[in-house]
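One-letter residues, chain by chain:
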Amino acid sequence: MKNTAAYFLSQKGVRRLSMLTAYDYHTACTIDEAGIDMILVGDSLGNVMLGYDNTLAVTVDDMIHHGKAVCRGAKEAFVVIDMPFMSYQTSVYDAVKNAGRIMKETNCQAVKLEGGVRYADRVQAIVEAGIPVVGHIGLTPQSFNTLGGYKVQGKSSDKAQQLMEDARALEAAGVFAITLECVPEALAKMITEQVSPLTIGIGAGKYCDGQVLVYQDMLGYTNGFTPKFVKKYANLHDTMLAAFKQYKEDCERQDFPAKEHTFAISDDVLKSLY
């Protein structure tokens, strides 16, 4: 039986939690097998799976499509699914309706949405509808246009105070966890100590209650830009590239398929065809 949001909340101050993104069945199966606590079906799928420049074009249907696959693969891991841009910003009604649709159609365990004070009423309404919620403050990718790009948040006194107020508003609204993205470590530590929900850091230092990374980043899936906060645990880009090149050469030289990759038929059967 899967752990619940209440269980994870009970682990605050007891142990550190692990979370990774996943967007497909097989990756979810492997992450689940590794014993990772939570899986996030992030709207980052717009970047890493669909090839968009940002997350704004991702739809509720996209999240449900990928979320269903992940939930089929996650037997033990707790699955959280992002609410994409404009699925909750428009009204409390839209927020609850879209959160409910995501929950019903994917069988996930929670939803995540960006914003603090501004969207606390949406969060509260979703929680009151019986849906566990993860908040998200700091660098909120859906708001990169108003934030002036992708950069560390909360470095000035007023911005740090705003993050603290956002965290407290989300706490009051009933979230069980808050993602802190690109927040100075000392500030993230203070937030973690002063609010009751779990904090899940991504670029927010080691004092958060848990950590999350995009799995393509931590596996070195591409040879492009890697954020400062990412630790690469593998270099799959080079491994995959070498394998693809070797496959191409084997095809051209007819080294593949070899005899062990083929199926036989008796000469008598072949002769009977003439």
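Residues numbered from 1 in each chain as written. Predicted model: local features only at pLDDT ≥ 70, side-chain atom pairs only at ≥ 80, totals over all residues. Heavy atoms only, no water.

### A few points about the layout of surface pockets
The probe, sized like a water molecule, is rolled over the atoms to show the empty space still left. Of the voids in this model, the largest pocket is the one considered here, and its volume is about 1100 Å³. Taken together, 40 residues line the largest pocket, and the ones lying closest to its centre are Glu-181, Val-214, Asp-217, Pro-227 and Phe-229. Sorting the residues of the lining of the largest pocket by element identifies helix 3 (45-48), strand 4 (110-114), strand 6 (177-181) and helix 10 (215-218) as the ones contributing at least two each. Partitioning the lining of the largest pocket into residue classes produces 17 nonpolar, 13 polar and ten charged. (1 Å grid on protein atoms, 1.4 Å probe; cavity = no way out; pocket = protein on both sides within 12 Å on 5 of 7 lines; lining within 4 Å. Points joined across faces, edges and corners; volume = space filled by probe spheres on them. Helix = DSSP H or I, 4+ residues; strand = E, 2+ residues; numbered from the N terminus. Nonpolar A, V, L, I, M, F, W, Y, C, P; charged D, E, K, R; others polar.)

### As for the UniProt feature "binding site: Mg(2+)" (unreviewed entry) in the protein chain
According to UniProt, the "binding site: Mg(2+)" (unreviewed entry) feature falls on Asp-43, Asp-82 and Glu-114. The largest pairwise C-alpha distance within this set of annotated residues, which runs over 72 residues, is 10.9 Å, so the set is compact in three dimensions. Lining residues of the largest pocket drawn from the annotated list: Asp-43, Asp-82 and Glu-114. Its location among the elements puts Asp-43 in the loop between strand 2 (38-41) and helix 3. What makes Asp-43 buried here is its relative accessible area of 5%. In contact with Asp-43, not counting residues within four places along its chain, are Thr-55, Val-58, Met-63, Asp-82, Pro-84, Glu-114 and Gln-142. The buried category is assigned to Glu-114, whose relative accessible area is 5%. Not counting residues within four places of it along the chain, the set of residues in contact with Glu-114 comprises Asp-43, Tyr-88, Tyr-119, His-136, Thr-140, Pro-141, Gln-142 and Ser-143. (UniProt positions renumbered as here; feature names shortened; annotations may be inferred. Buried < 20%, exposed > 50% of the residue type's maximum accessible area, 1.4 Å probe, protein only. Contact = heavy atoms within 4.5 Å.)

### Structural notes on the pairing of strand 7 (residues 198-202)
The buried fraction of strand 7 amounts to five of the five residues, a majority that puts the element mostly inside the structure. Every second residue of strand 7 is oriented toward a common face, with Leu-198, Ile-200 and Ile-202 on one face and Thr-199 and Gly-201 on the other, all of them buried. Pairing of strand 6 with strand 7 involves five bridges; the strand directions are parallel. Its bridge partner lying in strand 7, Leu-180 is registered against Gly-201. Where the polypeptide runs from strand 6 across helix 9 (residues 185-194) and back to strand 7, its parallel neighbour, the crossover connection is right-handed. Of the strand pairs in this sheet, strand 7 and strand 8 (residues 210-213) are connected by two bridges, and their pairing is parallel. In the strand pairing of strand 8, Ile-200 is matched with Gly-210. (Pairing = 2+ DSSP bridges. Right-handed = clockwise from strand over helix to strand, strands pointing away.)

### Side note on the packing of aromatic side chains
Considering all chains together, one arrives at seven aromatic pairs under this definition. Considering the side-chain rings of Phe-78 and Phe-176, the 5.7 Å spacing of their centres and the 75° angle between planes classify their relative orientation as edge-to-face. Placement of the pair is Phe-78 in strand 3 (residues 78-82) and Phe-176 in the loop between helix 8 (157-173) and strand 6, with a sequence separation of 98 residues. Taking relative accessible area as the criterion, Phe-78 reaches 1% and is therefore assigned buried. Between Tyr-88 and Tyr-119 the ring centres are 5.5 Å apart and the planes differ by 90°, which places this aromatic pair in the edge-to-face class. Here Tyr-88 is found in the loop between strand 3 and helix 5 (92-106), whereas its partner Tyr-119 is found in the loop between strand 4 and helix 6 (120-128), with 31 residues between them in sequence. With relative accessibility at 1%, the residue Tyr-88 sits in the buried group. (Phe/Tyr/Trp six-rings, centres within 6.5 Å; stacked < 30°, edge-to-face > 60°.)

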